[in-house]
Amino acid sequence: MITTQLLRPESIVVVGASNNVHKPGGAILKNLINGGYQGELRAVNPKEKEVLGVPAFADVNDLPDTDLAVLAVPALMCPDMVETLASKKQTRAFIILSAGFGEETHEGALLEERILETVNKYGASLIGPNCIGLMNTWHHSVFSQPIPNLNPKGVDLISSSGATAVFILESAVTKGLQFNSVWSVGNAKQIGVEDVLQFMDENFDPEKDSHLKLLYIESIQNPDRLLFHASSLIRKGCKIAAIKAGSSESGSRAASSHTGAIASSDSAVEALFRKAGIVRCFSREELTTVGCVFTLPELKGKNFAIITHAGGPGVMLTDALSKGGLNVPKLEGEVAEELKAQLFPGAAVGNPIDILATGTPEHLRLCIDYCEEKLDNIDAMMAIFGTPGLVTMFEMYDVLHEKMQTCKKPIFPILPSINTAGAEVSAFLAKGHVNFADEVTLGTALSRIVNAPKPAVPEIELFGVDVPRIRRIIDSIPEDGYIAPNYVQALLHAAGIPLVDEFVSDNKEEIVAFARRCGFPVVAKVVGPVHKSDVGGVVLNIKSEQHLALEFDRMMQIPDARAIMVQPMLKGTELFVGAKYEEKFGHVVLCGLGGIFVEVLKDVSSGLAPLSYEEAYSMIHSLRAYKIIQGTRGQKGVNEDKFAEIIVRLSTLLRFATEIKEMDINPLLATEKAVVAVDARIRIEK
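Scoring rules and cut-offs
Residues numbered from 1 in each chain as written. Predicted model: local features only at pLDDT ≥ 70, side-chain atom pairs only at ≥ 80, totals over all residues. Heavy atoms only, no water. Phe/Tyr/Trp six-rings, centres within 6.5 Å; stacked < 30°, edge-to-face > 60°. Helix = DSSP H or I, 4+ residues; strand = E, 2+ residues; numbered from the N terminus. Buried < 20%, exposed > 50% of the residue type's maximum accessible area, 1.4 Å probe, protein only. Pairing = 2+ DSSP bridges. Right-handed = clockwise from strand over helix to strand, strands pointing away.

Caption draft 1: The arrangement of the packing of aromatic side chains in detail. One pass over the structure, following the stated rule, counts four aromatic pairs. Plain terms: the ring middles of Phe412 and Phe436 are 6.1 Å apart, the flat faces sit at 50° to each other, and that makes the pair tilted. Taken together, the residues span a long stretch of sequence, with Phe412 in strand β18 (residues 411-414) and Phe436 in the loop between α15 (422-430) and α16 (439-451) at a distance of 24 residues. Using a relative accessible area of 2% as the deciding quantity, one classes Phe436 as buried. Ring centres of Phe503 and Phe514 lie 5.5 Å apart, and the angle between their planes is 20°; this geometry places the pair in the stacked category. One end of the pair, Phe503, is in strand β20 (residues 503-505); the other, Phe514, is in helix α19 (residues 508-518), with 11 residues separating them in the sequence. Look at Phe514 and you get buried, because its relative accessible area is 6%. What links up through ring pairs into an aromatic cluster is the set Phe304, Phe412 and Phe436.

Caption draft 2: Highlighting the pairing of strand β11 (residues 179-184). Counting buried residues in β11 gives six out of six residues, a clear majority hidden from the surface. Sheet topology places strand β8 (residues 133-136) next to β11; three bridges connect them, and they run antiparallel. Directly across from Met135, in β11, lies its bridge partner Val182. In this structure, strand β10 (residues 150-159) lies alongside β11, joined through six bridges in parallel fashion. Directly across from Val155, in β11, lies its bridge partner Phe179. The β-α-β motif built from β10, the intervening helix α5 (residues 162-173) and the parallel element β11 has right-handed crossover chirality.

Caption draft 3: Quick look at unusual backbone geometry. For the bond from Gln145 to Pro146, the omega torsion is 5°, close enough to zero to count as cis. Turning to its location among the elements, Pro146 is positioned in the loop between β9 (140-142) and β10. Cis rather than trans, the peptide bond between Ala609 and Pro610 has omega equal to 0°. In this model, Leu52 sits at a positive phi of 50°, which is unusual for a non-glycine residue. Its location among the elements puts Leu52 in the loop between β3 (50-51) and β4 (54-57). At Ala188, a residue that is not glycine, the phi angle is positive and equals roughly 50°. Along the chain, Ala188 falls in the loop between β11 and α6 (193-202).

Printed below as a string of C-alpha cells:
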C-alpha cells in the first residue's frame, strides 16, 4: 500500500535523530534539511531538545500528529513505536532503516510480522526494514550519499538493495543522469519492487510522471505481476531496464533432459524480461548507461556515424556496435569527398570520421551538419572527444550542446577525459546533458536497447491446437515420469506439431515389417533409457532388413530397454525446441540448433509460455546461429515460419498441460519446405 503520506508528507519525524551526521539518524535529517523539505520536520531523541536545528521530542508519545515516520532505532524498539505512531499520531507512512529483522534471525522475522500487522491494520505504507530509505522531489528520506539531481522527468530507480542503489547512483551522477525518485525496498515486508511498479502503472500520468524506470531486483516474488505492470507501462510509453541478480544454476543439476540441463532460473528471467519488453542489463555501469540512452531522442534506425579526433576509440566503438547488430556504414562518394576537402590534411571520412587531434570546433560542427543534412544513410551520430592536451574543450562541447538542441538525429556524446577536462565535462553536464565516458559500454547498451523486443500480445494462439484432446491424453497417463512414445506422439499430434512417421514395438518381425513398408534407410532407437546416444541406443542409416534385425537384438540387451522405435531416415538441419517448468514463472520455452549442439554450444533463446508468433520470431532471430537458419555459404536455409509455428504450438500445449515439467523435441529436422519432429521426450508430474 503506497499512501500520499509516503510520497508527499506534510510532516516527517526522524525517530533516533542524531547531531552526528555519520549516523543514519543524523544523516537522514541532514539530507531532509539540505533537500529543502517544505513540511514540518521533527526529531525524537530523549537526550536533546533540538537536533540539527530541528525541534526534538523525548518520546514518540509526545509528538503531534505526523504523516511519515523514519525509524533509525534498534529493531526491538520498532514494533511498539509503529503501533503508537499509527494508533495515536495518525502516522500513515513508515520508513524503517534498521537492520536485525527477518534477514538475520527468526526472532527478527517475528518483529517484522508485528510491524506488518500494524501498518496493514491502519492502512499505512511501510518501506523496509533494512533499507536506505526513499527519495523523491518532495523529500529526501535517505541516509546515504550521493544525492543526485532530482526532477520530475528524471529516472525512477527501484532497488531491492540499499547499498546497490547507492552504487548505481554513484555511477549515474558521473554521467549526468538525473532522477525523479529512488526507492530502496530492503526486506520488502509490505512494499517490494513489484508493488512500486504496480503503483506507478495504475497511477501513471503521461504528462507529469517519469517515463524512465531502472530496476535492481534480487528476488522476483510475483513474476506475473511484474510482467503485467512492466509491459503495461512500456505500452504507455515508458522505457524500463533492469538487473536481476542472483540467478542460480542449481536448478539444472538434477535435470535429466537436454532442456533441463541448459535451462536455469536465469532462463526464466530472460524469458520474462523478453515478454515484458524490459531491457536486460548485467552491471551497474550498463544499467546507468542504458538509463542515459533512454534520456536521448529515440533511434529511428541502426546506422551510426562516429565523429572523433582519436582513431582507436572509434575502431573499438565500431566493433562494439557491429557485434550488437548495429551498423557503421562506409561513407564514400561525392558528398564524403566534399566533406574531406574541408578538413585538415590526413583527416578520414570513411566512418569513423577522424578530424585528427588538431581538429577544431568548426570541424566538429561541419561533420555534424553533413551527417544531419546530407548523409541519408546515417540515423544517429556518436561524437568521441576527449582532450588531446592542446586546448581546452569548452568550445568543442559548446558545439555539441548546440547541435544536440537542434539536430533531429540523436547525438551521443562520448567525453572520456573526465579528469583532464573535468571542468569542461562538468559544464556540459550542467546544461542537462549526459555523458558516455566509455564507448564500448555505450555500444553494448545501445545493442541491448535496439534488440529488446516490444511487450508481447497477451492473447493465446489456439488455432489448430486441440485443447480438449490434450487434456484427455494428460488425464489418461497412468503415472509420473517420462511418458511412453505413444503418449508423446498423441500430445504432439493434438498440438498440430508435425511428426516423422514412426513405429514402436518389442517384436522384431513387426519392426522389420514397418521398415519394409516405409522404405530403407531407417533409424532405430532404443526405448527406455533417457540418454539413448550415451548407451549406443541410436543407429542411423540402416539400409537392410538384416542390419535392422541385428541392431534390434543388440539394443534390446541394453539395460532398461523396453522396445525399439523405427523411423524413416530423413535429412535436414537439426533444430531444437524444449521447455522446463519453473516455479512461479510457468513454462520456459527454449529453441536453438539441435542434435549435440544444443548442449555443446548452449546457443538457445528463451521465452515464457504462452508465446505469440512475434515472440517466436524474436527468439529465433536472437540466436547466434541464426545465419545457419537463414542459410549461409551456399547452404539453403530452413523454413523459419514452420519453426516459429512449432514454437508457438508447443507453448500453447504447455499452457493447457501444466503437468509437463520437462520436455524437448530434439532434433527437429528442417528444410526450406518443412520442419518435422523426429524425437521427443516429455516428463510429467501430476
